[in-house]
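# Tertiary structure, described
Next come the chains, spelled out residue by residue.
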Amino acid sequence: MKTLHNTRNCNYRRFLYKKLKHGKISGRFYKFVCRSHPYRVTTRNIELIVRGILDGNITENKGIRLLQQDTNELKRQQELYKSNIECRKKNK
């Protein structure tokens with residue numbers, strides 16, 4: 001899915017982008033988080049997993065698997081994204 005937020009209007013994405021450029025996280029993990037959570041990146045699950053990866057407690061592959069298992073949050077993100085796009089189309 002296309003993201004609604006970018007590094008200009010989302011502080012947590014800016015934080016992740018800096019970690020990507022400094023080599024703390026991989027591009028694969030950054031891309032996964034941004035694409036699978038287009039509406040809101042600052043959910044508790046993501047923050048805990050990112051903190052674990054930065055501390056070295058879990059690997060990025062395990063973090064991606066944990067985020068993929070949370071299907072409720074992924075569905076919620078997709079619904080919020082769709083409703084946002086619909087509202088934008090109505091307002092035009």
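Relevant structure appears above.
Nothing here was measured: the structure is a model prediction, and the numbers come from that model.

Conventions we followed
- Residues numbered from 1 in each chain as written.
- Predicted model: local features only at pLDDT ≥ 70, side-chain atom pairs only at ≥ 80, totals over all residues.
- Heavy atoms only, no water.
- Axes fitted to C-alpha atoms, helices over the stretch in contact; angles between N-to-C directions.
- Helix = DSSP H or I, 4+ residues; strand = E, 2+ residues; numbered from the N terminus.
- Parallel < 35°, antiparallel > 145°, perpendicular 65-115°, else oblique.
- Left-handed = near helix turned anticlockwise from the far one by under 90°.
- Contact = heavy atoms within 4.5 Å.
- Core = buried A, V, L, I, M, F, W, Y, C linked by side-chain atoms within 4.5 Å.
- Buried < 20%, exposed > 50% of the residue type's maximum accessible area, 1.4 Å probe, protein only.
- Expected span 1.5 Å × (residues − 1).
- Arc of directions from axis to C-beta.

### Some remarks on the packing of helix H2 (residues 27-36) against helix H4 (residues 60-69)
Across the interface, H2 lies against H4 with an axial gap of 10 Å and an inter-helix angle of 15°. By the criterion of interaxial angle, the relationship of H2 to H4 is roughly parallel. Along this stretch, H2 crosses H4, giving a crossing that reads as left-handed. Of H4, the residues touching H2 (which contributes Arg28, Phe29, Phe32 and Val33) are Glu60, Asn61, Ile64, Leu67 and Gln68.

### Topic: the nonpolar core
Counting residues in each nonpolar core, the largest one holds 15 residues, and the members touching the most others are Leu16, Phe29, Val33, Ile46 and Leu67. Breaking this core down by element, the ones donating at least two residues are helix H1 (11-21), H2, helix H3 (44-55) and H4. Setting aside anything within four residues of it in sequence, one finds Leu16 in contact with Ile25, Tyr30, Val33, Val41 and Val50.

### Brief notes about H2
By the burial criterion, the buried members of H2 are Phe29, Tyr30, Phe32, Val33, Cys34 and Ser36. Looking at the buried residues of H2, the elements they touch are H1, H3, H4 and helix H5 (71-91).

### Quick notes on the side chain of Thr43
Within the secondary structure, Thr43 is located in the loop between H2 and H3. Judged by relative accessible area, Thr43 falls into the buried class, the value being 6%.

### Points about H3
Taking 1.5 Å of rise per residue, twelve residues should cover 16 Å, and H3 covers 16 Å from first to last C-alpha, within 8% of that figure. Regarding H3, the residues found buried are Ile46, Ile49, Val50, Gly52 and Ile53. Buried residues of H3 fall within an arc of 160° about the axis and therefore sit on the same side. Those residues of H3 that are exposed and angled more than 90 degrees off the buried face are Arg44 and Asp55. In the core, the buried residues of H3 are packed alongside H1, H2 and H4.

### Focus on the environment of Gln77
Relative to the elements of secondary structure, Gln77 occurs in helix H5. Along the sequence, Gln77 and Lys24 sit 53 residues apart, while their C-alpha atoms lie 26 Å from each other. Those residues in contact with Gln77 that lie beyond four places of it in its chain are Ser36, His37, Pro38, Tyr39, Arg40 and Thr43.

### With respect to the environment of Thr42
Within the fold, Thr42 resides in the loop between H2 and H3. Assessed through its relative accessible area of 29%, Thr42 is described here as partly exposed. The sequence separation of Thr42 and Lys19 amounts to 23 residues, and the corresponding C-alpha distance is 15 Å. Apart from the residues lying within four places of it in its own chain, the contact partners of Thr42 are Tyr12 and Glu47.

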